[in-house]
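The chain contents come next:
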Amino acid sequence: MSNAAQPQEALQRAIAFEPQYVDAPMTTSAAFLILTMNTGNQASKTVRSIIGSTADLIKDIRGRANGRTFTANVGIGHRVWSALTGRPEPKELTTFREIKGAKHTAVSTPGDLLYHIRAASTDLIIEFEKILLEALGDAVTAVDDVAGFRYFDGRDLLEFVDGTANPDGLALPAATLVGEEDPEYVGGSYVVVQKYLHDLAAWREQSTETQEAIIGRTKFDNVELPDAREGQKSHKTLCTITDEEGEHDILRDNMPFAVPGRQEYGTYFIGYSRHLWVIEKMLERMFIGDPPPLHDRILDFSTPVAGATFFVPPRQFLNNLAD
């Protein structure tokens, strides 16, 4: 093999496994569109063609964005993976497993396709979804469509800073992108979504000190509190997963959402991970407790009403579905 051929082959491999916009920066607006695919061969053909053309639609929206940020990731669920791709499933892909603790349950709800849309302004998101859903037509049914917003300095509606523990630098792709452990899906990512509704009145009845103990950080300046060595653990501690290999991170891009006229205030959790088991372990520790039955006390004020799992394949894999 000539020396000149080696860089070209490396470039072709990089293109083949280039991730979707998993590491896109946090934005002021976002949307989480969950769809189920309807039955019939024509529905699967339509869905395959449209999701395979997502890159073109992203380019069209960016062309009208005047330099403003716009990205969209497509996730595919276990139920429709084979029908849409004709390929073996990623090694860890499965449906969202309900996790039932002594007091709280992480519910599993329908979802075949996820569009995670991030933008500098809501008009870009609305235009993208409008064109997308018109193209999909009766091939899909919309299960949920949540519009998120950036709340002040990156806080959730419980008024604590969210996403502080996200990895950065080279640790970000290491934590979020599948590697050679699943060679066919290098550059892909597992993603779990959950929709939480908050009881803000009950939360505000708690003292600041109690709130901080539940979260594991100070409220005003976002400083980590020491981990509890035994007994009731904080949300921060329960969501820290370590083993003999060290700490396993995920990327959170949670967004607050609200409909004040319905007294609806919540957080849409979205976590990207190289390994699905890491997020599953976090949820087990939250809902079952460590040790059981000492569940994450944030669940006493935040109720999950949706939960689904998807795989976000590399860009070229997605593009090939349109062929």
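Summary of the structure given here. (Residues numbered from 1 in each chain as written. Predicted model: local features only at pLDDT ≥ 70, side-chain atom pairs only at ≥ 80, totals over all residues. Heavy atoms only, no water.)

1. Observations regarding the overall build of the protein
Right, so step 1: Regarding its fold elements, the protein presents eleven helices and 13 strands.
Right, so step 2: Taken against the 2.2 N^0.38 rule, which gives 20 Å for 323 residues, the C-alpha radius of gyration of the protein at 20 Å falls within 12% of a compact globule.
Right, so step 3: By the burial criterion, 50% of the 323 residues in the protein qualify as buried.
Right, so step 4: Residue pairs in contact within the protein that sit at least 24 positions apart in sequence constitute 79% of those at least 6 positions apart.
Right, so step 5: Taken as a whole, the protein presents about 15,100 Å² of accessible surface, with 52% of it coming from carbon and sulfur.
Right, so step 6: Charge centroids of the protein, computed over 31 positive and 46 negative side chains, lie 2 Å from each other. (Helix = DSSP H or I, 4+ residues; strand = E, 2+ residues; numbered from the N terminus. Rg over C-alpha atoms; globule rule 2.2 N^0.38 Å. Buried < 20%, exposed > 50% of the residue type's maximum accessible area, 1.4 Å probe, protein only. Contact = heavy atoms within 4.5 Å. Areas by Shrake-Rupley, 256 points an atom, 1.4 Å probe, with all protein chains shown as cover. Lys, Arg positive; Asp, Glu negative; His and termini not counted. Charge placed at Lys NZ, Arg CZ, Asp CG, Glu CD.)

2. Structural notes on helix H3 (residues 54-63)
Right, so step 1: Looking only at H3, the buried set comprises Thr 54, Leu 57, Ile 58 and Ile 61. Considered in projection along H3, the buried side chains sweep an arc of 105° and stay on one side of the axis. Turned more than 90 degrees away from the buried face of H3 sit Lys 59 and Gly 63, all of them exposed.
Right, so step 2: Those residues of H3 hidden inside the fold are in contact with helix H2 (41-52), strand S2 (70-76), strand S5 (113-119), helix H5 (122-136) and helix H11 (315-320). (Arc of directions from axis to C-beta.)

3. Details of the packing of aromatic side chains
Right, so step 1: Tallied over the entire structure, the rule returns 13 aromatic pairs.
Right, so step 2: When the ring of Phe 149 is compared with that of Tyr 151, the centres are 6.3 Å apart and the planes differ by 80°; the resulting orientation is edge-to-face.
Right, so step 3: A relative accessible area of 28% places Phe 149 in the partly exposed class.
Right, so step 4: Measuring from ring centre to ring centre gives 5.2 Å for Trp 203 and Phe 301, while their planes differ by 75°; the resulting arrangement is edge-to-face. Of the two residues, Trp 203 sits in helix H7 (residues 200-204) while Phe 301 sits in the loop between helix H10 (276-287) and strand S13 (302-312), which places them 98 residues apart along the sequence.
Right, so step 5: Looking at Trp 203, the relative accessible area reads 2%, which means it is buried.
Right, so step 6: Owing to a relative accessible area of 7%, Phe 301 belongs among the buried residues under this scheme.
Right, so step 7: Every member of this aromatic cluster is reached through a ring pair, and the members are Trp 81, Tyr 185, Tyr 190, Phe 311 and Phe 317.
Right, so step 8: The residue whose ring lies beneath Arg 315 is Tyr 21, and the NZ or CZ to ring-centre distance is 4.1 Å. (Phe/Tyr/Trp six-rings, centres within 6.5 Å; stacked < 30°, edge-to-face > 60°. Lys NZ or Arg CZ within 6 Å of the ring centre and 35° of its normal.)

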